[in-house]
Amino acid sequence: MTVTLDHLAATALFGSLQRQPPDALLAVIGMHRADPRPDKIDVGVGVYRDASGKTPVMRAVKEAERRLLSTQDSKSYLGAEGDQRFTDQLAVVALGERLAADPRIDGIQTPGGTGALRLAAELIARTERAPTIWIGTPTWPNHAPIFRAAGLAVRSQAYFDAARSDLDFDAFIAGLDQAVAGDVVLLHGCCHNPTGTAFSTAQWQELAALTASRGLVPLIDLAYQGLGKGLEEDAAGMRIMLDAAPEALVAYSCDKNFALYRERVGALWVQASSPAAVVPVRETMLVLARSLWSMPPDHGAAAVRLILEDNALTADWRAELVDMCARINTLRARLGDAHPVLAPIARQQGLFALLPIDRVAVAALRERHGIYMPDSGRINIAGLREETVAPFVAALAPYLACG
Ligand SMILES: Cc1ncc(COP(=O)(O)O)c(C=O)c1O
């Protein structure tokens, strides 16, 4: 039988696939790269940058990698859990000594925070209830697709009040009215992406009481610990939730606070209702990981483990992280002082802020001034330098509505 081209087109396996829009942020990167203007400013890409505009390998990571290179004598498989010593050491940094030792909590290494979120989604999807995930908007654009990819229903509620450039706690809480027991509430542990906002301690306590009393399960996405106020401060809200909740999940990324981005380093911890209940949770996580990525990449996690097992390296990592955090907060203060509409930025935290401008203004800033950001108006504060704050604000000012 001869197969005609028409027949092939009609039956081709991939014939039904649709074209996909390019990643918006990658498009911004491409345009910035192609711009020859020497004074162009990239506040688009969401990575930390130092005062010279670089995203350096942290000192402690460099040293740990040096040691790994000279001492590692095998690259044989570990297991679906990855480097368990890494996860256990990291638990002390993330959860704190007490919760890290809680027998109801167990965790495994994942490929970055994204892997942790995807594993959390798959785990939730395997439960009998297949609950809905509640996500405040705006949020990291990858959140909803990750949960939907696991077949979960996603509902969103308001989180941000653009007019006040602040989080709208009442709307966020009211949005949960329709959530039912067993539903999962996604919470940014600190340094909200894209708004830079954070719940106050009182708000965390209220959220903890509300979710516990309604049987809602918190899933805390902690991707920027140490880049907001400090390691302990940035984990405090998450710990309040774990203390109150019978069940909870923590998706963690080391890719920003260890600047390991492309090495893909993260972990997922689950708090179950009892020490016995966490055993099948762990076993299910391992089975799921096996079919998702088999085993997480080792190198970055091994470097983090070496750092956390060595007091001097840990101290150096902490010191450099404090410097990174201070640089971001200095820039925040400069921006806040430079224009009344930007004042909330000084009170917010982490890499990001959401400017109150539309996509026409974003395009004008790009075309007229070589300032690059995604259409949402999200800026990476660390993309600025002290000397570029003034020209940045001068270019931005005509688009900021005062009063
Ligand atoms: C809020 C949030 N969660 C999770 C992640 C995922 O981080 P990773 O690069 O470790 O996958 C990001 C990355 O930008 C993020 O902003």
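Residues numbered from 1 in each chain as written. Predicted model: local features only at pLDDT ≥ 70, side-chain atom pairs only at ≥ 80, totals over all residues.

### Quick notes on the nonpolar core
One recurring pattern in soluble globular proteins: nonpolar side chains tend to sit buried together. Put simply, the test is: A set of buried residues qualifies as a nonpolar core if it consists of Ala, Val, Leu, Ile, Met, Phe, Trp, Tyr and Cys joined through C-beta atoms within 7 Å. Residue burial here comes from a neighbour count, namely the number of other C-beta atoms, placed from the backbone, that lie within 10 Å of the residue's own C-beta, with 20 or more meaning buried, 12 or fewer meaning exposed, and in between meaning partly exposed. Start and end positions for the domains come from either an automated domain assignment or a database one. For every residue pair, C-beta atoms are placed from the backbone, and the pair is scored as a contact if these atoms sit within 7 Å.
Core analysis: the largest hydrophobic core is formed by 110 residues, its most contacted members being L90, A120, M241, V250, L268 and V304. Taken domain by domain, the makeup of this core includes at least three residues from each of domain 1 (22-57 + 314-399) and domain 2 (77-309). If near-sequence neighbours (up to four positions away) are discounted, M241 is found in contact with W204, L207, A208, P218, I220 and A248.

### Notes on the sheet that holds strand β3 (residues 132-137)
In plain terms, the rule: Note: two strands are recorded as paired if DSSP finds a minimum of 2 bridges between them. Helix numbering and strand numbering both begin at the N terminus, where a helix is a DSSP run of H or I of at least 4 residues and a strand a DSSP run of E of at least 2. Throughout, an axis means a line fitted to C-alpha atoms (over the contacting stretch in the case of helices), and angles, computed between N-to-C directions, take values from 0 to 180 degrees.
Taken in spatial order, the 7 strands line up as β2-β10-β9-β8-β7-β3-β4 in an open sheet, and their pairing is mixed. Each of the sheet's edge strands pairs with one partner strand only, and the pair in question is β2 (105-111) and β4 (153-158). The mean inter-strand angle of the sheet, taken between neighbouring strand axes irrespective of direction, is 20 degrees. Note that strand β7 (residues 184-188) and strand β8 (residues 217-222) share 5 bridges and pair parallel. Bridge pairing links L187 to I220 in β8. Against the sheet, helix α4 (residues 84-95) touches β2, β8, β9 (248-253) and β10 (265-271), its axis set at about 110 degrees to β2.

### Considering the packing of α4 against helix α12 (residues 299-308)
Stated precisely, the cut-off is as follows: Convention used here: angles under 35 degrees read as roughly parallel, angles over 145 as roughly antiparallel, angles from 65 to 115 as roughly perpendicular, and any remaining angle as oblique. Left-handed describes a crossing whose near helix is turned anticlockwise from the far helix through less than a right angle; right-handed describes the clockwise counterpart. Side-chain classes follow a simple rule in which Ala, Val, Leu, Ile, Met, Phe, Trp, Tyr, Cys and Pro form the nonpolar group, Asp, Glu, Lys and Arg form the charged group, and the remainder, Gly included, forms the polar group.
Contact geometry of α4 with α12 gives a least axis separation of 9 Å together with a crossing angle of 55 degrees. By the angle between their directions, the pair α4 and α12 is classed as oblique. The hand of the α4/α12 crossing is left-handed. Here R85, F86, Q89, L90 and V93 of α4 lie close against α12, whose contacting residues are A301, A302, V304, R305 and L308. Looking at the contact of α4 with α12 residue by residue, the classes come out as 7 nonpolar, 1 polar and 2 charged.

### Thoughts on the domain arrangement of the chain
One can read the domain layout of the chain as domain 1 (22-57 + 314-399) and domain 2 (77-309). One C-alpha centre belongs to domain 1, the other to domain 2, and the line joining them spans 26 Å. Counting residues at the interface gives 24 residues for domain 1 and 24 residues for domain 2. Put simply, the parts of the chain that give the side of domain 1 that touches domain 2 at least two residues each are α13 (311-338), α14 (343-347) and β11 (352-354).

### Thoughts on the site of the ligand
The test is simple: Near residues are defined by distance alone, with the backbone-placed C-beta atom required to lie within 6 Å of the molecule or strand.
The environment of the ligand is made up of G46, G112, G113, T114, W140, H188, N193, D221, A223, S253, D255 and G266. For the shell around the ligand, the leading source of residues is helix α6 (residues 112-125), giving 3 residues. Classifying every residue of the shell around the ligand by side-chain character gives 2 nonpolar, 8 polar and 2 charged.

### Section: α4
So the rule is basically this: One less than the number of residues in a helix, times 1.5 Å, gives the span that helix is expected to have.
Spanning 12 residues, α4 covers 16 Å between terminal C-alpha atoms, matching the ideal 16 Å at 1.5 Å per step. Considered for burial, the residues of α4 that qualify are F86, T87, Q89, L90, A91, V93, A94 and L95. Immediately downstream of α4, the backbone of G96 shows phi near 90 degrees, a positive value.

### Some words on the environment of D102
Tracing the chain through its elements places D102 in the loop between α5 (97-100) and β2. In the structure, D102 is positioned 173 residues away from P275 in sequence and 8.4 Å away in space, judged by C-alpha atoms.

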